[in-house]
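# Commentary on secondary and tertiary structure
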Amino acid sequence: MTVIDTPGPVRVRFAPSPTGFLHVGGARTAIYNELLRRARGGAFILRIEDTDRERSDDRMTRQIQDALAWLGLEWDEGPFLQSERIERHREAVAGLLAAGKAYRCFATQEELDAARKEAEARGSAFLYPGTWRDADPAEVARRMAAGEPFAVRLKMPGTAITFDDFVRGHMVFPPEVLDDYVLLRSDGTPTYHLSVCVDDIDMGITHVIRGEDHLSNTPKHVALFQALGGKVPMFGHLPLILGQDKKRLSKRFGATSVEEFRAQGILPQALYNYLALLGWSPGDDRELMTRDEMSAVFTPERLNDSAAVFDQAKLLWMNFQYLTRLSTAELVVELGPFLAEIGLTGVDPVRLATAVELQRPRAQSLRELAESLPMYFAERVEYDPALVEKYKADPTVAPLLAELAARYAALPEFSVAALDEALRHLANERGVKAGFLIHPLRLAVSGLTGGPGVFDLVALVGREGAARRLGEFLALLG
RNA sequence: GUCCCCAUCGUCUAGGGGUUAGGACAUCGCCCUUUCAAGGCGACAACACGGGUUCGAAUCCCGUUGGGGAUACCA
C-alpha cells in the first residue's frame, strides 16, 4: 500500500482492554506496534483501556502485562490506566462544549431504542438524527436546571471524512454514514471514543495500528481529533485472525490466548515469530526471523490487508525450529515447570539430560517433550494387551528374550555398545535377524513400538530397570 | 437489512501488465534406519467467477459470488 508517511521516530501504543486474557490477535497488534517502534525509534506505549469498570479486572491487567513481557515485548512508557485519566477526558468535553463543537442531548434511552427499531424495520442503519444539535439554549438550560440527565454528543462536520490508512489505502466516509455520537454518557463517564482520542493526543501518538474492527470507528475519531485541535495520527487497520473454519478465531479450534500457548509449551520466540508473519512478510523468503531481524526491515506498508487463518501445525513446526536451537541444558531449564506439573521431579539430572537428548527430535512443544519423559524413570510401564498377544503367538520369542535378559544381566558394562553387541551376538548365534529381538525388547522396556534407538533406551533405563521390565514382560508372555 | 473491508496452492505468503506463478507448513513418495521421529531428496497443489481496458491481465477497472467487520450512552 503506498501511503505518504514521513520517516523518523514514531510514538505508538498498544491499548488492550483488560476484559480477558491477551488474545493472539491482540498480541499480533502489539508486535507490529513494537516492530514499528524498533524500526523507526521513538516510543511504544502501553495503555490499559479500563474505562468499562464493569468488565475490567485488575488481575487481567496484570495478566496482559505478563503475557506481553513473556513474549519479549518491551514498552517504553506506561502502563497508563485510562480510568485514571477520566478527569482529563471530562475537561476535554467541557472545552468542546464551550467551543460549540459538542452539545448536550436529552434523548432518553427509550426514544433512542424506538428510533433504532424503526430504522431496523426500514432496513437502514440507525443514525442519531441530531435532535438536540440545534436545540433552543433556553430549553437546554431549563432541563439542566431541572436536573435532567444528558449525554454529550460530538457535532460531526457534515462533510465526508477521509484518511489514508497505511494498510487499506485511501478511505472515504460520506456524511450519511456518520452521526453525532456520544462522548460523555449521561452518568458522566467518558466513552471509549473520547478516551482514546484524548489519550492519543496527550500521548503524542503518531501511528495507530489496531484491528480491523476499529476501521469504521476511525472517521469518528478523525472528526474528534480535529474538533479537539489535535494532530490526526496515521492509521493502519489489521485484518482479523481467523480459525480453521474461516470464522473469527474461537476456542472451538483450540488455544486463542497467549497464556494457553505458553501452557502448551510454545516458546515465546516461536509465537512471536509466527504471529509476526501472520499478516506481514519481509518480502523475501525468510521465515525464521528474530525480533531484531524483523525490526531491521519492518515497514508498515508491507502489512497484509486480507485476513489470515491461524495454523497450529505451522506454529508447532516453527516451535520445533526454536526448540532445536536450544542446547539440552537450556531445554532442561525450560522444561522445569512442565516436569513439575506432571510430577516428574527429583530425578537424576544426568539421566534427565540424556532422556531429553533422546526425545528432543520427537517433540514439537515443551509439553509434548515433558510428557515423553516419565517412561524413562517410571517403576513400571504399561503394555498394550494386543501387542503382548502378538508376541505370545510366536513361541520362539519368549525363550530368546529370556536368554537376552540373562545375558544383559551378566554384562560387565551396561553400555550402549555392549547392549548392542550382546543382542547381535545372540541373534547371530540363533540364526534370527536382530530385528526379531529388537522389537520385543523395545516393547518390553518402554511399552512402546517407536522411539529412540533401543540400546540407548535400555542403557538409560538402566540395569535394574531393564531387568525388572523384561521380567514383567516375560511373565506376561507366560 | 444498511455501510465498510477483503479475495494467489488445503494453510501462511512472494510476485504485480509478457514468470515454467517462487518459498514455507501440511499431505504423499523415496533415501537413511532396529522402530518412531529428525534429516536429505522429490512429488502433488493456486491466481473465486463474469465482463471490460490492453497487442497481451493473476496483475488495472466494473459487476457477481463468497468471506469478514461495523451497525451502542461496549471497548
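Scroll up to find the structure this text is about.
Residues numbered from 1 in each chain as written. Chains lettered and ligands numbered in written order. Predicted model: local features only at pLDDT ≥ 70, side-chain atom pairs only at ≥ 80, totals over all residues. Heavy atoms only, no water.

Here we come to the sheet that holds strand β5 (residues 151-154). Overall, antiparallel pairing links the three strands, which are arranged β4-β5-β8 in an open sheet. The sheet is open, and its two edges are formed by β4 (102-105) and β8 (182-184), each paired on a single side. Between one strand axis and the next, the sheet turns through 45 degrees on average, direction left out of account. In this structure, β5 lies alongside β8, joined through two bridges in antiparallel fashion. Considered in β8, the bridge of Arg153 is made with Val182. (Pairing = 2+ DSSP bridges. Helix = DSSP H or I, 4+ residues; strand = E, 2+ residues; numbered from the N terminus. Axes fitted to C-alpha atoms, helices over the stretch in contact; angles between N-to-C directions.)

Before going further, it helps to spend a moment on the pairing of strand β1 (residues 10-14). Taking burial as the measure, the five residues of β1 include four buried ones, the bulk of the element. By the bridge criterion, five bridges tie β1 to strand β2 (residues 42-48) in an arrangement that is parallel. Along β2, the bridge assignment pairs Arg13 with Ile45. Handedness of the crossover joining β1 and β2 through helix α1 (residues 24-40): right-handed. (Buried < 20%, exposed > 50% of the residue type's maximum accessible area, 1.4 Å probe, protein only. Right-handed = clockwise from strand over helix to strand, strands pointing away.)

Our next topic: the protein's contact with RNA strand B. Taken together, 62 residues lie around RNA strand B, and Gly123, Arg168, Arg185, Glu287 and Gly451 are the ones closest in. Restricting attention to atoms of RNA strand B within 4 Å of the protein, one finds that 73% of them are sugar or phosphate atoms. In this structure, Ala125 approaches RNA strand B through a main-chain N or O atom, which is 3.1 Å from a base nitrogen. Lys314 has a polar side-chain atom sitting 3.0 Å from a base nitrogen of RNA strand B. Elements represented by at least two residues in the surface near RNA strand B include exactly α4 (109-122), β5, α6 (192-202), β12 (308-309), α11 (312-324), α19 (434-446) and α20 (454-477). (Near = heavy atom within 4 Å. Polar contact = N/O pair within 3.5 Å; in protein donor to acceptor, adjacent residues only side chain to side chain.)

Take the packing of aromatic side chains next. Taken as a whole and assessed by the stated rule, the structure comprises 11 aromatic pairs. Judged by centre distance (5.8 Å) and plane angle (65 degrees), the ring pair of Phe163 and Phe235 falls under edge-to-face. Note that Phe163 is positioned in strand β6 (residues 161-165) and Phe235 in strand β10 (residues 234-238), a separation of 72 residues in sequence. Here Phe163 matches Phe235 in class, with each residue buried. Between Phe261 and Phe310, the ring centres sit 5.4 Å apart and the planes meet at 40 degrees, which makes this aromatic pair tilted. (Phe/Tyr/Trp six-rings, centres within 6.5 Å; stacked < 30°, edge-to-face > 60°.)

Below, the discussion takes up the nonpolar core. Formed by 105 residues in total, the largest nonpolar core has its most connected members in Phe310, Tyr408 and Leu441. The element best represented in this core is α20, accounting for 11 residues. Beyond its immediate sequence surroundings of up to four residues, Tyr408 is in contact with Phe414, Leu419, Ala422, Leu423, Leu441, Phe455, Val458 and Arg463. (Core = buried A, V, L, I, M, F, W, Y, C linked by side-chain atoms within 4.5 Å. Contact = heavy atoms within 4.5 Å.)

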